[in-house]
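# Analysis of the macromolecular model
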2 protein chains.
Amino acid sequence: MPDLILSLDAMGGDNGPDAVIPGIDLAIKDGLNAKFLIFGIAERVEPLLAKYPKVKECSEFIAVTEIVTAQDRASSALRKKGTSMYMAIQAVKDGQAHGVVSSGNTGALMATARLILRTLPGVDRPFIASMMPTIKGRSVVLDMGANITCDADAMIQMAVLGSIFGQIGLGNDKPTVGILNVGSEDQKGHDYIRQAASILSDISFPGQYYGFIEGDDIGKGTTDVVVTDGFTGNVALKTAEGIARMSSHYMREAFTKTIWSKLGYLLASRSIKHIRAKLDARLYNGGLFLGLQGVCIKSHGGSDAVGFSRALLVAAQMVREDYTGRVAEAMKNVPHIENGSTEAA
Amino acid sequence: MPDLILSLDAMGGDNGPDAVIPGIDLAIKDGLNAKFLIFGIAERVEPLLAKYPKVKECSEFIAVTEIVTAQDRASSALRKKGTSMYMAIQAVKDGQAHGVVSSGNTGALMATARLILRTLPGVDRPFIASMMPTIKGRSVVLDMGANITCDADAMIQMAVLGSIFGQIGLGNDKPTVGILNVGSEDQKGHDYIRQAASILSDISFPGQYYGFIEGDDIGKGTTDVVVTDGFTGNVALKTAEGIARMSSHYMREAFTKTIWSKLGYLLASRSIKHIRAKLDARLYNGGLFLGLQGVCIKSHGGSDAVGFSRALLVAAQMVREDYTGRVAEAMKNVPHIENGSTEAA
């Protein structure tokens, strides 16, 4: 098997192969050296491969006849073994690829990836992580909605999974980890949060436990990794997106208020666009499925070629830096709590 | 008793009487016609009253010797019956004032207000609401942290409490109410959320049930009232504050990037400052304690005179428009769920 093989669901998201094939082309231009297994509908994918010969050269196309739609329920997607999504994930399980990328239906992708790839030893269930922009740069935030309720074990596992992704994605040897809470004092928050905090303060893991943080610490970038349950994480991420959009809206309003502000905008527009592009790209880079026996990236459903190429680069980096192996190793030292008692995993 | 009497804790917040006394002065200038009972330490308050004769004219000063500090635990604040906070709340209970405003320690204020004033019939516990800026204007969001876990009854009570505040604060006869969730489909989210949603769809209350909303709907202003548990609400509010600050940070960065953008800023600065002031004031107007037998407003701990004067105007409006009486009336028609069965309150 070559150095790096990525398995791709070409039919997911709003743009399907129109984002995936040009996205591979962009990633190759950005220096990605890999082989691609492309799963998709022949009449959609083949004309694009003809148009992008560089992509065709390093790809193997596998024609499918079924796809998972945005409306499909996870439970029905699981049963359709001939879809581009199912087969792309299966290729990782079968050892034909090192990682999989899809822009498809998040619920279906999570359920199918979990069924086929299974979780790593010591990890009870997979989580979805995302990168969020901060004043200091970027932070890894998880869970973004895979598990709407969590227990202390889940919080501890997320701290490990997020830290190792932080090492790779942020290039930081010992990322700081904060648990999202309604105050920084020890006695605040749900019981399971306090229990997880007390264990993380004691054990050794690839990150460095910082303590409780609050919602505004996300934007401040107080910690490299932010751990929270999937309900809170999903609401926080989407609230952040909404407020970022609201801020842009009001800035636009300010710039169209007077003739002077319009002229001011013209002069500053290059700088403003530069900043806006930086923030947007960071906010919408999809989700990392962490905790599975294999690398699986959910590219944003609305991804264009640029977005998809970024997802490919992240997948490649996670494979090359052995994300999965490092998690399996770290989990050996992490205790598993059952009914309040602590035992080694 | 005159038309409107407000009882004020002059010793709360970072600025204490230095915000409270000039804040009353500003509110009077803005047309507030009321009598004020001011509870505070004589050597701090009296020199200020001498400086603001218009305030002195319509106030009664009651000297205290004890105060609640930012570090005090709620449980210890409850026992100090001679503090400015305790006595200001007691004045409402005793019928000497119609409402109370304090910038003091939120936990202490909530615990003391709940102990002294008690909740309205049909309301199990008080909630904290806040106004948040949106693209459309403003929305009422609750609970902001008084109850980190909630049940279906709490969600329904918040829908009623928030709607009536929406009628008063937003001037909207039938405010729309959304429940914050991780998706808009019926089967999403925690059980108690789905149960509350199903009841709110059936009953008649002062608002209009819209359905599930997601985090980005806060910034969009999709509904007038946003209902969520205190953990999620606290994280969402603080995340919003953090992201708003991050956006400002990056805009500042954009404007100092080149000589052209600096010049652009100079030209647009009036318009930008105007918008920024609008957003800031709305984000930081403190919390409304809803569900108590009396109007109680928590002004932001960092409030200056302007912030405190706004809190006074909100309290006055809630008293004049009989917030408390309207809630008591509306709660008569709201069912109370116990162990899954529904019964009239």
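See the structure shown above.
Now for a quick tour of the structure. The model shown is predicted, which means the values in this text are computed figures rather than measured ones.

Conventions we followed
- Residues numbered from 1 in each chain as written.
- Chains lettered and ligands numbered in written order.
- Predicted model: local features only at pLDDT ≥ 70, side-chain atom pairs only at ≥ 80, totals over all residues.
- Heavy atoms only, no water.
- Helix = DSSP H or I, 4+ residues; strand = E, 2+ residues; numbered from the N terminus.
- Rg over C-alpha atoms; globule rule 2.2 N^0.38 Å.
- Buried < 20%, exposed > 50% of the residue type's maximum accessible area, 1.4 Å probe, protein only.
- Contact = heavy atoms within 4.5 Å.
- Areas by Shrake-Rupley, 256 points an atom, 1.4 Å probe, with all protein chains shown as cover.
- Lys, Arg positive; Asp, Glu negative; His and termini not counted.
- Charge placed at Lys NZ, Arg CZ, Asp CG, Glu CD.
- Salt bridge = Lys/Arg side-chain N within 4 Å of Asp/Glu carboxyl O.
- Core = buried A, V, L, I, M, F, W, Y, C linked by side-chain atoms within 4.5 Å.
- Axes fitted to C-alpha atoms, helices over the stretch in contact; angles between N-to-C directions.
- Parallel < 35°, antiparallel > 145°, perpendicular 65-115°, else oblique.
- Left-handed = near helix turned anticlockwise from the far one by under 90°.
- Pairing = 2+ DSSP bridges.
- Least-squares fit on C-alpha atoms with pLDDT ≥ 70 in both.
- Phe/Tyr/Trp six-rings, centres within 6.5 Å; stacked < 30°, edge-to-face > 60°.

### Brief notes about the overall build of chain A
The helix and strand inventory of chain A stands at 13 helices and 13 strands. Here the C-alpha atoms of chain A give a radius of gyration of 21 Å, agreeing with the 20 Å that 2.2 N^0.38 yields for 345 residues. Expressed as a percentage of the 345 residues in chain A, the buried residues total 59%. In chain A, the proportion of contacts linking residues at least 24 apart, taken out of those at least 6 apart, comes to 72%. As displayed, chain A has an accessible area near 13700 Å², and 49% of this comes from carbon and sulfur atoms. Seen as two clouds, the 35 positive and the 36 negative side-chain charges of chain A have centres 7 Å apart.

### Some words on the pattern of salt bridges
All names here are of chain A. For the coordinates displayed, the defined rule picks out 24 salt bridges over all chains. Residue Asp-18 is joined to Arg-44 by a salt bridge in which the shortest nitrogen-to-oxygen separation is 3.6 Å. In this pair, Asp-18 sits in helix H1 (residues 17–29) while Arg-44 sits in helix H2 (residues 42–51), placing the two residues 26 residues apart along the sequence. Using a relative accessible area of 48% as the deciding quantity, one classes Asp-18 as partly exposed. A salt bridge links Lys-220 to Asp-216, with the shortest nitrogen-to-oxygen separation between them at 3.5 Å. Residue Lys-220 and its partner Asp-216 are both found in helix H9 (residues 216–220); the two are separated by four residues, about one turn of the helix.

### A closer look at the nonpolar core
Soluble, globular proteins show a tendency: their nonpolar side chains are buried together. Among the nonpolar cores identified, the biggest contains 233 residues, and Ile-179 and Leu-312 of chain A together with Ile-179 and Leu-312 of chain B are the most heavily contacted of them. Once residues within four sequence positions are removed from consideration, Ile-179 of chain B is found in contact with Met-155, Ile-193, Ala-196, Ala-197, Leu-200, Tyr-209, Gly-211, Phe-212, Ile-213 and Val-227 of chain B.

### Things to note about the environment of Met-85 of chain B
Position of Met-85 of chain B among the secondary structure elements: in helix H5 (residues 84–93). Those residues in contact with Met-85 of chain B that lie beyond four places of it in its chain are Asp-9, Val-68, Ser-102, Gly-104, Asn-105, Ala-108, Leu-109 and Thr-112 of chain B.

### Some points on the packing of helix H5 (residues 84–93) of chain A against helix H6 (residues 106–117) of chain A
Residue and element names in this part refer to chain A. Contact geometry of H5 with H6 gives a least axis separation of 10 Å together with a crossing angle of 30 degrees. It follows from the interaxial angle that H5 and H6 lie roughly parallel. Here the hand of the crossing between H5 and H6 comes out right-handed. Residues Met-85, Tyr-86, Ile-89, Gln-90, Val-92 and Lys-93 of H5 touch H6, and the partners they reach there are Ala-108, Leu-109, Thr-112, Ala-113, Leu-115, Ile-116 and Leu-117.

### Considering the side chain of Ser-102 of chain B
Here Ser-102 of chain B is to be found in strand S4 (residues 99–102). What Ser-102 of chain B contacts, discounting residues up to four positions off in sequence, is Asp-9, Met-85, Leu-109, Ile-297, Lys-298 and Ser-299 of chain B.

### What about the sheet that holds strand S10 (residues 287–290) of chain A?
All names here are of chain A. With respect to topology, 11 strands assemble into an open sheet ordered S3-S2-S1-S4-S11-S10-S5-S6-S9-S7-S8, the strand pairing being mixed. Edge positions in the sheet fall to strand S3 (59–63) and strand S8 (208–213), since each has one partner strand and no second. Put simply, the sheet's adjacent strands are angled 25 degrees from each other on average, direction ignored. In the sheet, strand S1 (residues 5–9) pairs with strand S2 (residues 35–40) via five bridges, with the strands oriented parallel. Across the sheet, Ser-7 pairs through a bridge with Leu-37, a residue of S2. Strands S1, S2, S3 and strand S4 (99–102) of the sheet are contacted by H5, whose axis makes an angle of about 165 degrees with S1.

### Some thoughts on the pairing of S4 of chain B
Residue and element names in this part refer to chain B. Alternating residues of S4 divide into Gly-99 and Val-101 and Val-100 and Ser-102, and every residue in both groups is buried. Relative to S4, strand S1 (residues 5–9) runs parallel, the two being bridged by four bridges. The partner of Leu-6 across the bridge, within S4, is Gly-99. Where S4 and strand S11 (residues 295–298) come together, four bridges link them in parallel fashion. Of the residues in S11, the one forming a bridge with Gly-99 is Val-295.

### Here we look at the relation of the copies chain A and chain B
Mapping chain A onto chain B is achieved by rotating through 180 degrees and translating by 0.0 Å along the same axis, at an RMSD of 0.0 Å. In the structure described here, the two chain copies are related by an operation that fits a two-fold rotation axis. Distance from the rotation axis, computed per C-alpha, reaches its smallest value in chain A at Gly-264 of chain A: 1.8 Å. Interface overlap between copies is the fraction of interface residues in one copy that are interface residues in the other; for chain A against chain B it reaches 100%, indicating a shared surface.

### Let's talk about the packing of aromatic side chains
Residue and element names in this part refer to chain B. According to the stated counting rule, one finds five aromatic pairs over all chains in the structure shown. Geometrically, the ring pair formed by Phe-255 and Tyr-265 is tilted, given 5.0 Å between the ring centres and 55 degrees between the ring planes. Of the two residues, Phe-255 is situated in helix H10 (residues 230–255) and Tyr-265 in helix H11 (residues 259–283); the sequence distance between them amounts to 10 residues. By relative accessible area, which is 4% here, Phe-255 ends up buried.

### Describing the sheet that holds strand S2 (residues 35–40) of chain B
Residue and element names in this part refer to chain B. Ordered by their spatial adjacency, 11 strands build an open sheet running S3-S2-S1-S4-S11-S10-S5-S6-S9-S7-S8, and the pairing between neighbours is mixed. Each end of this open sheet is capped by a strand with a single partner; those strands are strand S3 (59–63) and strand S8 (208–213). On average, each strand axis in the sheet is tilted by 25 degrees relative to the strand beside it, whichever way the strands run. By the bridge criterion, three bridges tie strand S6 (residues 138–142) to strand S9 (residues 225–227) in an arrangement that is parallel. What sits directly across from Val-140, in S9, is Val-225. Running at roughly 170 degrees to S2, helix H1 (residues 17–29) makes contact with S1 and S2 of the sheet. Sitting on the sheet, helix H8 (residues 191–202) touches strand S7 (176–180) and S8, and the angle it makes with S8 is about 155 degrees.

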